[in-house]
Structure formats: structure tokens, C-alpha cells
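So the chains spell out like this:
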Amino acid sequence: MYPPLSLYINGRFLSGEGRQEQDVRDPANSQLLGHLPWASDDDLMQAVLAAHRAFETWRISSPMERSAVLRKVGELARERADAIARHITLDNGKPLAEAHSEVLNSAEHAEWNAEECRRIYGRVVPSRNPAVRQLVVREPVGVCAAFSPWNFPLSQAIKKVAAAIGAGCTVILKGPEESPSAIVALAQLFHDAGLPPGVLNVVWGVPSDISRRLIESPLVRKLSFTGSVPVGKQLAALAGAHMKRISMELGGHSPVLVFNDADVDTAAGMLARFKVRNAGQVCVSPSRFYVQDQVYERFVAAFKLAIESTQIGHGLAPGTQMGPLVHGRRLAAVDELVQQAVSVGGELVCGGQKLGESGHFYPPTVIAGLPDSARVMNEEPFGPVAAITRFKDTEEVLRRANSVPYGLASYVFTHSVTTATRVSNGLEAGMVNINHFGMAHPELPFGGMKDSGMGSEGGTETFDGFLTTKMITQI
Ligand code: NAD
């Protein structure tokens with residue numbers, strides 16, 4: 001049922017063949033699913049050389065050719081959605097319906113980049129001398145090293161790969177070793193769509209070894225990473241030392257502002273469903289809830305009722321709304337934050353203890369009445385944990401919402417246009433959602449401020465990180 005896993009280098013799928021291997025397990029029950037081959041030093045070198053060679057021709061390929069490949073990738077992803085989604089559920093744990101919608105969203109990303117890559121325009125700048133022609137052209141940066149995480153193993157990877165390839169770059173992708181099936185499926189999609197050998201390469205291994213080797217290589221010009229803030233900072237420092245360009249999509253600790261005039265019950269229901277999505281392992285998951293005094297009690301009660309009804313189980317079981325956390329490290333990290341919150345006076349409204357003996361299950365957990373100094377109010381929980389606290393007025397809540405180093409997503413519930421305008425201007429976040437959740441579409445730029453990252457993925461900005469600007473002046 002689970003597919004064979006491989007490396008993909010210079011257009012060839014490479015399996016174990018004497019390479020070191022890593023076990024891949026189902027996070028719901030620890031069952032062994034497969035073995036993931038790690039790239040040897042020679043494999044890594046071959047991947048870099050293949051990407052470098054392929055860049056010579058891919059960089060001058062017609063945008064129509066790139067567009068055709070990306071469009072075909074979208075079409076094939078839709079055809080294969082059922083199988084890819086089942087395998088994501090097995091190695092990541094998320095419910096099948098969520099995995100399925102991730103595959104369809106990934107197809108849309110390929111299609112969006114297929115359209116946009118035909119519109120990578122330069123410009124003509126009027127010159128001071130009528131005999132001079134001045135052009136500004138945009139060229140692909142070169143070989144890119146891309147690092148994608150396990151929480152959306154297909155869509156996080158395709159955002160990078162489709163943008164890089166659409167811009168005319170070549171890629172060495174290291175996906176998440178915990179949830180690798182989607183990345184192998186991604187390589188197969190591009191392979192079957194007719195991508196020339198070497199334009200995309202997939203490698204696996206010890207993340208810190210691979211990132212260091214790739215960033216240090218003079219043939220690699222760009223790094224794109226999605227993951228945690230601490231790792232992002234390490235990689236940014238390394239990239240800086242070697243003068244490599246970077247795009248960073250890092251963690252978040254998204255504030256939710258519920259004002260007295262909000263539709264409280266609707267907001268509580270929507271937020272509860274969104275909170276348990278992917279067991280809260282989402283960089284834009286709502287995680288710090290600030291609720292205005294008058295509606296505080298009502299919101300906590302409605303949120304508890306909605307989130308407690310979440311059906312937890314294996315992602316393939318019918319009716320499951322939330323699966324396990326992806327690995328034991330997350331389970332321990334989430335539990336530690338919850339216990340610390342309780343120890344500093346937080347009221348445990350529901351959840352708060354690991355579920356069952358097997359698998360990495362943690363229940364939806366709500367903690368109310370916390371001081372702002374509690375760790376969970378300052379550190380990203382990246383799990384099904386909601387911390388709820390009160391506020392009195394708009395300026396106070398803006399100050400508190402902006403008090404952490406993160407600046408990714410934010411959520412506001414109010415019917416006042418004045419309040420919505422004030423907070424959407426004042427929030428230090430790359431994305432502001434007012435009265436709904438609407439940001440993972442490929443036509444919208446996705447990215448953070450402050451420690452949450454640099455650059456955007458998606459939108460008309462999709463190629464910005466993969467292009468460099470050249471000025472040509474001619475007489
Ligand atoms: P982690 O920091 O150990 O790993 C996070 C990701 O980074 C993994 O995919 C890992 O393979 C990769 N990674 C780690 N060290 C690396 C290195 N030196 N070079 C290249 N890649 C490296 O944490 P974790 O427990 O696996 O994940 C939880 C944390 O990761 C959360 O705090 C969250 O912020 C972050 N995360 C963020 C996103 C996102 O969408 N921004 C996605 C997944 C994880």
C-alpha cells in the first residue's frame with residue numbers, strides 16, 4: 001500500500017542499492033511503512049552537478065515550455081490525488097480529506113505558476129539620449145537548494161519547486177524525512193510531465209549535513225527554506241557567509257482578536273475547526289486567543305464545546321477529524337508547553353494529556369486565563385493547543401498581539417469597519433484574516449514579517465525570490 005521511496009537525481013529514481021536507509025513509520029501506530037535511502041556524498045555531488053548542467057539549457061528555455069510542464073504536473077496531480085493523499089495520511093497522520101485537499105491545492109499551485117511564468121516581464125526605461133536603449137530584464141537566479149517540511153509535505157514543496165522551475169531555475173530539493181512519500185510522488189509528477197533531467201533533483205539524509213553541503217557549494221546560488229525560526233536563522237547565517245540569496249517561510253504564533261461585537265458562536269466554531277486542522281501543526285494555526293471582556297466567558301464555553309467534539313483517530317478511518325502529531329519530538333514539545341502553562345496558573349479547560357499508548361496522539365487542549373509571560377503565549381505550540389486570555393480595548397490588544405517576535409498570520413473577528421481597519425493596519429503580521437480564513441490560495445502571497453520569514457510564496461510575487469535583475473543599456 002505504501003510506495004517505494006527513492007532519491008531522484010539527473011532524471012533517475014535511485015533506491016537503496018547499498019545506501020544508508022532510514023525507517024519511515026505511521027505516526028498513528030508506529031507501524032513500519034518503508035525505508036528511505038539517504039544520499040551519499042557522491043549522490044549529493046551528482047545532484048549539484050546535474051542541476052548546474054541542466055541550468056545552462058533550462059534558463060533559456062521558452063516560458064511556454066515551462067508552462068506546459070507545470071500545467072501537466074497539475075493535471076497529473078489531480079489524476080493521482082487519491083493515491084498520493086492516502087500515502088500522505090499514512091506517513092504524516094493527517095485525515096484523508098485534508099490530505100486530498102492538499103493534493104488539489106498543490107495542483108492549483110502548479111497551474112498558477114504555469115500561467116504566471118509566461119508573464120515574467122522586464123521593462124524599457126526611457127533614456128536621456130535618444131540613441132540609447134535601456135532595458136531591465138529579469139533572469140533566473142541559478143541552482144536552488146530547497147528545504148520543505150513535513151506538515152504539508154506536498155504543497156509546501158510544490159510552492160518552491162513550481163516557482164523555481166517556472167522562473168527558469170533548477171532545484172535540489174530535500175524534503176521531510178518523516179513524511180517522504182509526497183516528495184517522491186512530486187518527482188514522479190515532474191518526471192512524467194516531461195521535465196528534462198537535472199532540472200529537479202531530490203535528496204534525503206541528515207538535514208544539517210545536506211543543508212551545509214549545498215549552501216557551501218559555489219554552484220548553488222539560492223536557498224529556500226520552510227521550517228522553524230531557529231533552523232531558519234542558522235541557515236540564513238550560513239547563506240550569508242556564502243552570499244547566497246534566501247527565502248524563509250518560518251514559524252508563527254498567530255493572534256486571534258475576538259471583539260465584543262463579533263458573532264461569537266460562529267467565530268468559536270470556525271476557530272475550533274481551524275485549530276485542529278493537521279492537529280494544529282500549521283504555521284498559521286490560530287494559537288494566541290485574545291477575547292474582549294464582555295464576550296470572554298461565552299467564547300471560552302462555545303470554543304470548548306466545539307473543539308471537544310473533534311473525532312480523533314487514524315487519518316484513514318472514516319469520520320476522523322484529527323490525527324496524531326507527526327513525531328515523538330512534537331508530542332514532548334507540546335506537552336511541555338501545556339504543563340508549564342498550568343504551572344503558572346493557566347486553567348485547563350480541556351485536554352492536556354497524551355492519548356492512548358500507541359501513536360503520537362494529543363487531544364485538543366484549551367488553556368484559559370494565562371498571564372502573557374507563560375511560555376505558550378510566547379513560543380509557537382505547533383500542536384492542537386489554544387491559549388485564551390482577555391483584553392479590554394483595541395490599543396491594548398494590538399500591543400499584546402505584536403509583542404512576540406513572530407509575525408506570520410493573524411485573525412480578527414469584529415463587525416466594526418473602524419476596528420477592522422485599525423487592527424489590520426496595526427497588526428505586525430504578513431497576513432490578516434478578518435471574519436474568515438482565506439489565505440492558502442496560490443493567487444495570494446503567503447509570507448511573514450519579523451522572525452516569521454522573508455519573501456512570499458504564491459501571488460504575483462511567486463517568482464521574486466528566484467529571479468535576479470539585470471540592466472542593459474545600449475547605443
Ligand atoms: P525541527 O526544527 O527539528 O525541524 C523543522 C523542519 O526543519 C524539519 O522538516 C527538518 O527536517 C528541517 N530541518 C531541521 N534542521 C535542518 C537543517 N539544519 N537544515 C535543513 N533542514 C532542517 O522541528 P520539528 O519538531 O520537526 O518541527 C516543529 C517546528 O518546525 C515548529 O516550531 C515550526 O515552527 C517549524 N515548522 C514550520 C513549518 C512552517 O510551515 N513554517 C512547517 C513545519 C515545521
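The structure presented is a predicted model; accordingly, all values stated were derived computationally and were not measured.

1. A word on the UniProt feature "domain: Aldehyde dehydrogenase" (unreviewed entry) in the protein
When the UniProt feature table is mapped to this numbering, "domain: Aldehyde dehydrogenase" (unreviewed entry) covers residues 16-472. Along residues 16-472, the helical share is 39% and the strand share 20%, with 49 Å between the first and last C-alpha atoms.

2. Some points on the sheet that holds strand 6 (residues 133-140)
The antiparallel open sheet is built from three strands, whose spatial order is 5-6-20. The open sheet is flanked by strand 5 (123-125) and strand 20 (467-474), the only strands paired with a single partner. Shown here is a sheet whose adjacent strand axes are inclined to one another by a mean of 25°, direction ignored. Relative to strand 6, strand 5 is paired through three bridges, and the arrangement is antiparallel. The partner of valine 125 across the bridge, within strand 6, is glutamine 134.

3. Looking at the site of the ligand
Lining the immediate environment of the ligand, one finds 22 residues, of which Pro149, Pro207, Ser211, Gly227 and Gly251 sit closest. When contributions to the shell around the ligand are tallied by element, the ones reaching two or more residues are helix 7 (207-216), helix 8 (229-241) and helix 11 (328-343). Residues belonging to the shell around the ligand are distributed by class as follows: ten nonpolar, eight polar and four charged.

4. Let's talk about helix 3 (residues 81-92)
One full turn of an α-helix is made of 3.6 residues, so residues set three or four places apart face in the same direction. If you check helix 3, its first and last C-alpha atoms are 16 Å apart, about what twelve residues at 1.5 Å a residue would give, namely 16 Å. Within the span of helix 3, buried status applies to Ile84, Ala85, His87, Ile88, Thr89, Leu90, Asp91 and Asn92. Those residues of helix 3 hidden inside the fold are in contact with strand 3 (21-25), strand 4 (32-37), helix 4 (96-116) and helix 6 (181-192). With its phi angle positive at about 100°, glycine 93 sits one or two positions after the end of helix 3.

5. Notes on the nonpolar core
With 76 residues, the main nonpolar core has Val161, Ala164, Val171, Ile172, Leu186 and Leu200 as its most contacted residues. In this structure valine 161 touches Ala146, Val171, Leu173, Leu186 and Leu200, once residues within four positions along its chain are discounted. Core analysis: the second largest hydrophobic core is formed by 61 residues, Val256, Val264, Val276 and Phe303 among them.

6. Considerations on the confidence of the model for the protein
Considering every residue of the protein, the mean pLDDT works out to 97; 100% of them sit at 70 or more. Scored as a complex, the prediction yields pTM 0.97 and ipTM 0.95.

7. Considering the sheet that holds strand 14 (residues 347-350)
Spatially, the seven strands line up as an open sheet ordered 14-15-16-13-12-17-18, and their pairing is mixed. Taken across any chain shown, the strands that pair with only one partner, and hence form the sheet edges, are strand 14 and strand 18 (431-434). Neighbour to neighbour, the strand axes of the sheet diverge by 20° on average, direction disregarded. Pairing of strand 17 (residues 409-413) with strand 18, which is carried by four bridges, proceeds in the parallel orientation. Across the sheet, serine 410 pairs through a bridge with valine 432, a residue of strand 18. Its contacts with the sheet place helix 10 (residues 296-308) against strand 12 (254-258), strand 13 (286-292), strand 14, strand 15 (365-368) and strand 16 (385-391), and it is angled at close to 45° to strand 14.

8. Here's the deal with the environment of serine 6
By secondary structure assignment, the location of serine 6 is in the segment before strand 1 (7-9). Taking the C-beta count within 10 Å as the criterion, serine 6 has 21 such neighbours and is therefore assigned buried. As a C-alpha pair, serine 6 and tryptophan 204 span 198 residues in sequence and 8.7 Å in three-dimensional space. Not counting residues within four places of it along the chain, the set of residues in contact with serine 6 comprises Phe13, Leu14, Ser15, Pro37 and Val184.

What counts and how
- Sequence order as written defines the numbering, with residues in each chain counted from 1.
- Confidence filtering applies because this is a predicted model: local features only for residues at pLDDT of at least 70, side-chain atom pairs given and counted only at 80 or more, and all residues used for totals across whole chains, interfaces and linings.
- UniProt positions are given in the numbering used here, feature names are shortened, and annotations may be inferred rather than shown by experiment.
- Helix and strand definitions here come from DSSP, where helices need a minimum of 4 consecutive H or I residues and strands a minimum of 2 consecutive E residues; each element is numbered from the N-terminal end.
- A pair of strands is labelled paired if DSSP reports no fewer than 2 bridges between them.
- The convention used is that axes are lines fitted to C-alpha atoms, helices contributing only their stretch in contact, and that angles between N-to-C directions extend from 0 to 180 degrees.
- Here, nearness is defined through the C-beta atom: a residue counts as near a molecule or strand if that backbone-placed atom lies within 6 Å of it.
- Residues are sorted three ways: Asp, Glu, Lys and Arg are charged, Ala, Val, Leu, Ile, Met, Phe, Trp, Tyr, Cys and Pro are nonpolar, and all the rest, Gly among them, are polar.
- Take the number of residues in a helix, subtract one, and multiply by 1.5 Å to get its expected span.
- Once C-beta atoms are placed from the backbone, each residue is buried if 20 or more other C-beta atoms lie within 10 Å of its own, exposed if 12 or fewer, and partly exposed for counts between those two.
- This entry defines residue contacts through backbone-placed C-beta atoms, with two residues in contact when those atoms are within 7 Å.
- Note on definitions: a nonpolar core is a set of buried residues drawn from Ala, Val, Leu, Ile, Met, Phe, Trp, Tyr and Cys, linked by C-beta atoms within 7 Å.
- For every residue, the predictor reports its confidence as pLDDT, a number between 0 and 100.

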